[in-house]
Amino acid sequence: MKKFRKVLDGLSSSSPGGVASPSCGSAAGTPTAHAPTPQDIHVQETLVSENFQICKTVRHGFPYQPTCLAFDPVQKILAIGSRTGGIRILGRPGVDCYSQHESGAAVLQLQFLINEGALVTACADDTLHLWNLRQRRPAILHSLKFNRERITFCHLPFQSKWLYVGTERVESSNIHKCSIVNDNLMMTTMKFLLWFESGTVVQWDLRAKKVDFRIYYDEAIHSVSWHHEGKQFMCSHSDGSLTMWNLRNTARPIQITYPHGKILKDGRKESCKPILKVEYKTSRNSSEPYVIFSGGLSYDKSGGRRPTLTIMHGKAITVLEMDHPIVEFLVLCDTPYSNEVQDPYAVVVLLEKDFIVVDLTQSNFPIFENPYPMDIHESPVTCTAYFAECPPDIIPILYSIGAKQKKTGYSHKEWPVSGGTWTLGSQTYPEIIMLYKLKTSKVFEKPKAGDGRAGELVEEDPYAVQMVSWCPHSRLFCVVGISSHVILYRFSKHDANTQIVSLEVRLQFDSEDVISPSEAENNPCFSDPSSPQPPGSPGSGTQDSLPCLKVKSRPVRMPPGYQAEMVVQLQWVDGEPPQQITSLDINSAYGLLAFGNCNGLTVVDFLQKTILMCMGTLDLYGAADPYQRLTRSPRKNRQSTSGRGTPTPLFVSFDLLFSASFGFYFCFHFGLETLTAPFFPMSFVTVKGPGRKLSLPTDLKTDLESRENSFSRSRSSSVSSIDRDTKESVTTLQFGESYGRKGDALPTACLWVGTSLGVVLLLPISIPTEEEERMEEPITMGPSGTVLMLKGSVLRFAFLDCGGALIQSPYEVWRDPNGPEDPDRTRRRKLINFSPSSSQEACGDGHLAVVCSEKQAKVILMPTQAVLFTHNITESSFLLRADVVSVCNSVCLACFCANGHIMTLSLPSLRPLMDINYLPLTDLRIARTFVFTNGGQALYLSSPTEIQRLTYSQEMTDNLQDMLGELFTPIETPEAQNKGFLKGFFGGNAQTFDREELFGEAAAGKASRSLAQHIPGPMGLENMKAAAGGVVGDLARARIALDQRGERLGELEERTALMMNSAETFSTHAHQVMLKHKDKKWYQL
């Protein structure tokens, strides 16, 4: 049997068609035998390992699974905690910072040290962390781990150095005081209010260390809010009621209200939902306070209602309905002092999947327009694309047209979260702007239940976007949908009333269908459109020859922006839906669109609106098939059954498998199936679609493992045909100027095709050169017999000239298809062609082709097709993403592996430059959305709602500190209101009372070591180092040292001023006492 296998392998390696024998050597830079050496192409490689470094940079989008919220009213920055241990700190646009707890424990509560540049986080692992915000990347200074008690609540008074921590034990609940490194004085009040879920309220006198009063109420308490004078407080309860209590009489509440409950006819009160939180705020401009709370609706009314936020101001009650459940809300006030009139001006509402701010200064309570793009997850993200160095005119035009899509009715006031500093200059890295949104569903008729094939897919979201292709220069945009359809869009600045062209393709070829030579003559691959169609072909009228969706047949009015021009759909065959599209490419200069799946390849001429080619994968080989495909018995016709899902193809490229459930990479956004176009200093596209059950393997992780195990037998370059399955997918496509055959003297238009079996095919294309002929004469193309082979599924093609420079694909310069006719300007197409021989007189003819698969990378010299370099990238895993990118004025191959490694290889020698274990592949979403781009940047979807950007460039890592915004800005703390002579006279002594007398070691003794464990942070104020090195780091450290020195001087000056004020107060009081008793006798005293 072993000898028989060797014979078959030998036959495979010697099959006709000029198959290049691949080099299997794993040593980078090893020339293949009988091939030109690297010296023959004269490429001076400049990249070295020191040019690369992995570093996370910025995170965009909405925090996933938010848990808590905090706001600094002086610095005007906002913090959001999440269930995964993340902290998102937001300021003005451009000031956006993400930090992560190493433990990954959920963040339960956040407390700013107001105007101190610090933040306290309480986590679910019963640990408190103190974060330093006086640096561009926050770091933990200290941590305190509670050993035997669970943290339930934290309270940090303004200008206090004591943090009050509520805990829970099995037998009791406790309050602990934790010292925070801060030398400011205490606030003057000595009263402390404790409330418990059971309905008990306790007030402590901190000075006397005793209980002033206890309140026992029948209903559970969810929150408490003080009146600013400290004489009253309000509680919210589980029965939907609000109670007001006065400290003079705590026997019963002075007021009980049910804001949304009514008294029924039988005298019973209407049952209501709990009020989870209440805020009680006073205003200078009105004698009526603001009472703001969440929940409290009656059960009868809330059955069909969404979550609500209620604003009560006097007799007016406004109910704001939310799209998602409310996690928490905060009322923003002008003063940081809790004992002053609050003057609320806005309400920040944190929802499960959104973040809004309500303007309280206007009677209709409008919301502010959110400057942060937090709605990239409006529908589930399915795919992402990242474009750097876009044409300079594309960003403004997309923004101007996208601005017309925005909603109206926003507040005209400035966004209230305006803290931090960020200089808008040449480095705009932290910024992301939502440019444009596009809905693909508008192209189709709305499907109805029971309406043919489309009706069966209604519940599965037939419009979900699967992948995209975008040409920024010609502004062509192509979308692949889950229903095996391709939509071509053109950009126009004018509206149009357009008829959408619809083409239908039958792409259903199986290796089981063996065609004899006589049958092949009667069924040519390239059929004449005017010839009669066989049964089941497009236009035959049978029920099977139908697409999944119905394109609108009437002219459609389209607004300025991207307008649908053509739709290509795959048909149902033998009662089965078409297979998912696995690859896509478009070229504006050629006027061609190509896509493929596990059955074959289709090429469309979108200028003439015709199907140019529709071939099965096996037919692409011609006589050059390197594998002996086993003949099988003919397939029986299978009838469709109701409720049948889309059958899963046996071989689907890994790239598609991940794109299929989460979509694609690009710059546009859909509502139901939205494409979103956010913009950083480069362009980025996200594609989204609503949640659906896809017809793919149910357990993607199992499929990952099965694919991993299959490499040993089905992805090697010399495997017996007995062990190889004949199902072969088209996994990647690339149009470009190349040499279709070895004997070609000049480059021509070609289509490079890569398959799931590691085979590379070249299809030369003959295109008329004159524009008139191009619109009338047919294009010819077909298999050339050229076959190259790699290990694993082919992922990427790229082309270099013989000097090592990247060759771009030719493109057509954009022109407005609906623009007004200008007699002085021609309407001829303007093509930009990057020929391999146009810039290399010294290097001679030819170019280099870089081909990367899941296992291997090769550099091939064209037109000789000699393999110059081969590098086996991984043996134990496989690549998920590979891109040829520009870095440091050179090019390299960047790869992301399934084991979490990020690697870069030099070009053309494929010399390893970097191999870093970035993150294990614990989330399949990362594999689906990871993408590289030029300039040393990459991104992926770190959660269903967040985009994580990173850099693999050492230069960008060094300059990152200058690109990010400053969270902390030195601002003078607002002065407290004057209390008047009487309050200052009778309460003056309280200002000098320091709680060190209550909680210090002298009064309370040392804390028990078993209670909590102190954990020093990795970075302290005294030894904090800047994240970047070199000159930038030195400057950062110098600036930090200067800030610290200024802070110490400021603190000394404040203490001196306080001592002087205290001395003046004492002198004044002493003088008053002397004048009062100066003329009295001793017996009159």
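If you check an unreviewed UniProt entry, the protein appears there as Syntaxin-binding protein 5-like from Oncorhynchus kisutch. Note on the protein: under the UniProt heading Sequence similarities (unreviewed entry), the record states "Belongs to the WD repeat L(2)GL family."

J.: Help me understand the overall build of the protein in this model?
T.: Within the protein, the secondary structure is distributed over 14 helices and 61 strands. Of the accessible surface of the protein, which amounts to about 49200 Å², a share of 52% is contributed by carbon and sulfur atoms.

J.: Before we go on, may I ask you to explain the sheet that holds strand β55 (residues 890–897) in this structure?
T.: In a beta sheet, neighbouring strands are held together by backbone hydrogen bonds and run either parallel or antiparallel to one another. The sheet built from four strands is open, its strands ordered β54-β55-β56-β57 with antiparallel pairing. Every other strand in the sheet has two partners, leaving β54 (879–887) and β57 (912–917) as the edge strands with one partner each. Between one strand axis and the next, the sheet turns by 15° as a mean value, whatever way the strands run. Examined bridge by bridge, β55 and strand β56 (residues 901–906) share five bridges and lie antiparallel to one another. Counted as the bridge partner of C895 is M903 from β56.

J.: Just checking my understanding: could you explain the environment of F153 for this structure?
T.: With respect to the helices and strands, the residue F153 is situated in strand β10 (residues 150–155). Between the C-alpha atoms of F153 and L110, which are 43 residues apart in sequence, the distance is 9.9 Å.

J.: Is there a simple way to think about the side chain of Q109 in this case?
T.: If you trace the backbone, Q109 turns up in strand β6 (residues 107–113). Here C154 takes part through its backbone oxygen, which lies 2.8 Å from a polar atom of the side chain of Q109. Contact partners of Q109, with chain neighbours within four places excluded, come to C68, V120, T121, A122, F153 and C154.

J.: When you look at the sheet that holds strand β23 (residues 316–321) in this model, what are you seeing that I'm missing?
T.: An order of β20-β21-β22-β23 is seen for the four strands of this open sheet, with the pairing classed as antiparallel. Two strands lie at the open edges of the sheet, namely β20 (275–281) and β23, each paired on one side alone. Strand after strand, the sheet turns through a mean of 15° between neighbouring axes, direction not considered. When β20 meets strand β21 (residues 290–295), the two strands line up antiparallel, connected through six bridges.

J.: I'm lost on the environment of P1018 in this one. Help?
T.: Here P1018 shows up in the loop between β61 (1012–1016) and α14 (1030–1077). Among the residues examined, P1018 registers a relative accessible area of 69% and is labelled exposed. Considering only alpha carbons, one finds P1018 and I140, 878 residues apart in sequence, at a separation of 6.7 Å.

J.: What is the right way to read the nonpolar core from this model?
T.: Nonpolar side chains in soluble globular proteins tend to be buried together. Within the largest apolar cluster, 33 residues are counted, with the highest numbers of intra-cluster contacts made by V443, F444, F477, Y489, I500 and Y562. Of all the secondary structure elements, the ones that give two or more residues to this core are β27 (381–387), α2 (394–403), β28 (433–439), β29 (465–471), β30 (476–481), β31 (485–492), β34 (556–558) and β35 (561–570). Looking at this core element by element, the count peaks at five residues for α2. Within the second largest apolar cluster, 28 residues are counted, among which are M615, A624, L751 and V759.

J.: Explain unusual backbone geometry here, please?
T.: Excluding glycine, residues mostly have negative phi values, and the peptide bonds linking residues are mostly trans. Going from M862 to P863, the amide bond is cis rather than trans, its omega being 10°. By secondary structure assignment, the location of P863 is in the loop between β52 (856–862) and β53 (866–872). L907 connects to P908 through a cis peptide bond whose omega is 10°. Structurally, the position occupied by P908 is in the loop between β56 and β57. A positive phi angle, near 50°, is found at F365, a position not held by glycine. Looking at the element boundaries, F365 is found in the loop between β26 (355–359) and β27. Here L910, not a glycine, exhibits a phi torsion of approximately 60°, which is positive.

J.: Before we go on, may I ask you to explain the pairing of strand β14 (residues 200–205) in this structure?
T.: When you tally the buried positions in β14, you get five out of six residues, the bulk of the element. Inspection of the sheet shows β14 paired to strand β15 (residues 210–216) by six bridges, in the antiparallel sense. Directly across from V201, in β15, lies its bridge partner I215. What sits between the antiparallel neighbours β14 and β15 is a turn of four residues, in which K209 has the positive phi angle 55°.

J.: Any chance you could explain the pattern of salt bridges here in plain terms?
T.: One side chain can pair with another of opposite charge once the charged atoms of both are near each other. Under the defined criterion, the tally for this structure stands at 22 salt bridges. For the salt bridge of E771 with R815, the shortest nitrogen-to-oxygen distance reads 4.0 Å. Of the two residues, E771 sits in helix α8 (residues 771–776) while R815 sits in the loop between β49 (811–812) and β50 (831–832), which places them 44 residues apart along the sequence. Take E771: its relative accessible area is 18%, and that puts it in the buried class. Between D883 and R881 there is a salt bridge; the shortest N-O distance is 2.8 Å. Three or more residues are tied together by salt bridges with common partners; here these are R59, R88, D96 and E946.

What counts, and at which threshold
- Residues numbered from 1 in each chain as written.
- Predicted model: local features only at pLDDT ≥ 70, side-chain atom pairs only at ≥ 80, totals over all residues.
- Heavy atoms only, no water.
- UniProt positions renumbered as here; feature names shortened; annotations may be inferred.
- Helix = DSSP H or I, 4+ residues; strand = E, 2+ residues; numbered from the N terminus.
- Areas by Shrake-Rupley, 256 points an atom, 1.4 Å probe, with all protein chains shown as cover.
- Pairing = 2+ DSSP bridges.
- Axes fitted to C-alpha atoms, helices over the stretch in contact; angles between N-to-C directions.
- Polar contact = N/O pair within 3.5 Å; in protein donor to acceptor, adjacent residues only side chain to side chain.
- Contact = heavy atoms within 4.5 Å.
- Buried < 20%, exposed > 50% of the residue type's maximum accessible area, 1.4 Å probe, protein only.
- Core = buried A, V, L, I, M, F, W, Y, C linked by side-chain atoms within 4.5 Å.
- Salt bridge = Lys/Arg side-chain N within 4 Å of Asp/Glu carboxyl O.

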